[in-house]
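Spelled out from the first residue to the last, the chains are:
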Number of protein chains: 2
Amino acid sequence: MPSSSQLDLTFAALADPTRRAILARLAQGDATVNELVEPFDMSQPAISKHLKVLEAAGLVSRGRDAQRRPVHIEALPLADAVGWLETYRKFWETSYQRLDGLLAELQSFTPKSDQKN
Amino acid sequence: MPSSSQLDLTFAALADPTRRAILARLAQGDATVNELVEPFDMSQPAISKHLKVLEAAGLVSRGRDAQRRPVHIEALPLADAVGWLETYRKFWETSYQRLDGLLAELQSFTPKSDQKN
DNA sequence: TATTTCTATAACTGAATAGTTATGCACTGG
DNA sequence: CCAGTGCATAACTATTCAGTTATAGAAATA
């Protein structure tokens, strides 16, 4: 089971759009730092910092290929994040169902012309 | 589809263990602010601030019951967060499978005594 | 060996975050 | 109406964060 502070790191890492974009790119395969810098209007050190955050969260690992440090996505903490969310999903869904039931009940007393999205 | 900045807010909100605990509590049903303060070794304004963050992220909504402001969990942004993660899950899984396949291939050329975890 | 390529680190800045205490405001109930 | 309850807001502090430029180091290449 993931520790609370592990989830802190994972969700904090995911809170930045640049880092999510990096992960989205890495989902298609490993990449070097320069390859990750290229699509962004941002300096190389900025990307290196983001990679450090992702690595500290265990979301990526680094390899070695000559001068290059290829970046590899690590699935486990992402799966843990999904796991945390899924733990509570059933409760949200039951509240949704309660809401759905209530709405259905209300609509049965409402003229069709008042029904909205 | 959720906007990028919406995901920013959602994941940032989830990055704090106090806020995750609040959501876990709310998954079981609505609660007043004081009820949410009680389990934490933290001032009431601190909890109110956390609730403001959760509300800004759309993760909770507030009602009104006399002086009380009951807090209600909102499932949609959480579902969106799961959605983002799930979008890439299949790629992680396929990279896992690729890795598994590669390892299997390598092991077929490797003496048993060299096989490691 | 000198140069170039790839990446990391240092030092700095401005903005955001999480907490505190003190206080104010709205609504209830006696 | 006024005392108390429930909550929010203000003002402040310490810390963290995301970005910058400048520089250093490590490995390949010419």
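Because the structure is a prediction, the values reported are computed rather than measured. Residue positions are given per chain, counting from 1 as you read along its sequence in written order. As they are written, the chains are lettered A onward and the ligands numbered 1 onward, keeping that order. Per-residue local features of the predicted model are confined to residues with pLDDT of at least 70, and side-chain atom pairs are confined, for both listing and counting, to 80 or more; whole-chain, interface and lining totals are unaffected and use all residues. Just so you know, side-chain values use all the structure's heavy atoms and leave hydrogens and water out.

**Q** Pulling in residues and values, what's your account of the overall build of chain A?
**A** Counting from the N terminus, the helices are DSSP H or I runs at least four residues long and the strands are E runs at least two residues long. Helix and strand counts for chain A come out as five helices and two strands. Each helix and strand of chain A, ordered N terminal to C terminal, gives the series α-α-α-α-β-β-α. Taking all 117 residues of chain A together, the buried fraction comes to 34%. The contacts in chain A between residues at least 6 apart in sequence include a share of 50% that link residues at least 24 apart. The Shrake-Rupley method, run with a 1.4 Å probe, gives the accessible areas here. Residue values count only the displayed protein chains as cover. Looking at chain A as shown, the accessible area adds up to about 7100 Å², and 54% of this sits on carbon and sulfur atoms. For the exposure calls, accessible area comes from a 1.4 Å probe over protein chains only, and a residue counts as buried if that area is under 20% of its type's maximum, exposed if over 50%, partly exposed in between. Any pair of residues with heavy atoms lying within 4.5 Å of one another is described as a contacting pair.

**Q** Break down the confidence of the model for chain A for me, citing the residues and quoting the values.
**A** Each residue carries a pLDDT value, the predictor's own confidence for that position, ranging from 0 to 100. Per-residue confidence for chain A gives a mean pLDDT of 84; residues scoring 70 or more make up 79%. Confidence over residues 99-117 of chain A falls short of pLDDT 50; this stretch has two contacts with residues more than four positions distant or in other chains.

**Q** Please provide a residue-by-residue account of the protein's contact with DNA strand D, values included.
**A** When at least one non-hydrogen atom of a residue lies within 4 Å of a molecule or strand, that residue is treated as near it. Surrounding DNA strand D, one finds 20 residues, the nearest of these being R19(A), S43(A), K49(A), H50(A) and S48(B). The sugar and phosphate moieties of DNA strand D supply 67% of its atoms located within 4 Å of the protein. We call two N or O atoms a polar contact when they sit within 3.5 Å, provided that within protein one can donate a hydrogen and the other can accept it, with sequence-adjacent residues counted only if both atoms are side-chain atoms. Between a base nitrogen of DNA strand D and a side-chain N or O atom of Q44(B), the distance comes to 2.8 Å. Within the side chain of S48(B), a nitrogen or oxygen atom sits 2.6 Å from a phosphate oxygen of DNA strand D. Of all the elements in the fold, those that place two or more residues in the surface near DNA strand D are helix 4 (44-56) of chain A together with helix 3 (33-37) and helix 4 (44-56) of chain B. Three classes are used, and their members are as follows: Ala, Val, Leu, Ile, Met, Phe, Trp, Tyr, Cys and Pro are nonpolar, Asp, Glu, Lys and Arg are charged, and the others, Gly among them, are polar. Class assignment of the residues belonging to the surface near DNA strand D gives a composition of six nonpolar, eight polar and six charged.

**Q** Describe the interface of chain B and chain A, with residues and values.
**A** A common way to state how big an interface is: give the accessible area lost once the parts meet. With 28 residues of chain B at the interface, the matching set in chain A holds 28 residues. When two parts are put together, the accessible area they lose, computed with a 1.4 Å probe and summed over both, is reported as buried area. Taking both partners together, chain B and chain A bury about 2600 Å²; carbon and sulfur atoms supply 72% of that area. For this document, the term salt bridge refers to a Lys or Arg side-chain nitrogen within 4 Å of an Asp or Glu carboxyl oxygen. Seen at the junction of chain B and chain A, the total is two salt bridges. Measuring nitrogen to oxygen at the nearest pair gives 2.7 Å for the salt bridge that ties R20(B) to D8(A). Linking chain B with chain A are four residue pairs in polar contact (both at pLDDT 80 or more), by the criterion used here. Secondary-structure elements contributing two or more residues to the side of chain B that touches chain A are helix 1 (4-14), helix 2 (17-27) and helix 5 (75-107) of chain B. When residues of the side of chain B that touches chain A are assigned to their parent elements, the largest contribution, 14 residues, is made by helix 5 of chain B. When its residues are assigned to classes, the side of chain B that touches chain A shows 22 nonpolar, one polar and five charged.

**Q** Residues and numbers for helix 2 (residues 17-26) of chain A, please.
**A** Residues and elements named next belong to chain A. The element helix 2 is extensively covered by neighbouring structure, given that seven of its 10 residues are classed as buried. Looking only at helix 2, the buried set comprises T18, R19, R20, I22, L23, A24 and L26. Capping the start of helix 2 is the job of one residue whose side-chain oxygen sits 2.8 Å from the backbone nitrogen of T18: D16.

**Q** Give me the environment of S61(B): which residues, what numbers.
**A** Residues and elements named next belong to chain B. Residue position: S61 is located in strand 1 (residues 60-62). Residue class for S61 comes out partly exposed when judged on its relative accessible area of 24%. Distance from S61 to V71, taken between C-alpha atoms, is 5.9 Å for residues 10 residues apart in sequence. If we skip the residues at most four places from it in the chain, S61 touches P70, V71, H72 and E74.

**Q** Just give me the short version of the protein's contact with DNA strand C, but keep the residues and values in it.
**A** Close contacts around DNA strand C come from 21 residues, with N34(A), R19(B), S43(B), K49(B) and H50(B) the closest. Here N34(A) contributes a backbone N or O atom positioned 2.8 Å from a phosphate oxygen of DNA strand C. At 3.1 Å from a phosphate oxygen of DNA strand C is found a side-chain nitrogen or oxygen belonging to R62(A). Contributing elements (two or more residues each) for the surface near DNA strand C: helix 3 (33-37) and helix 4 of chain A together with helix 4 of chain B. Taken together, the residues of the surface near DNA strand C sort by class into six nonpolar, eight polar and seven charged.

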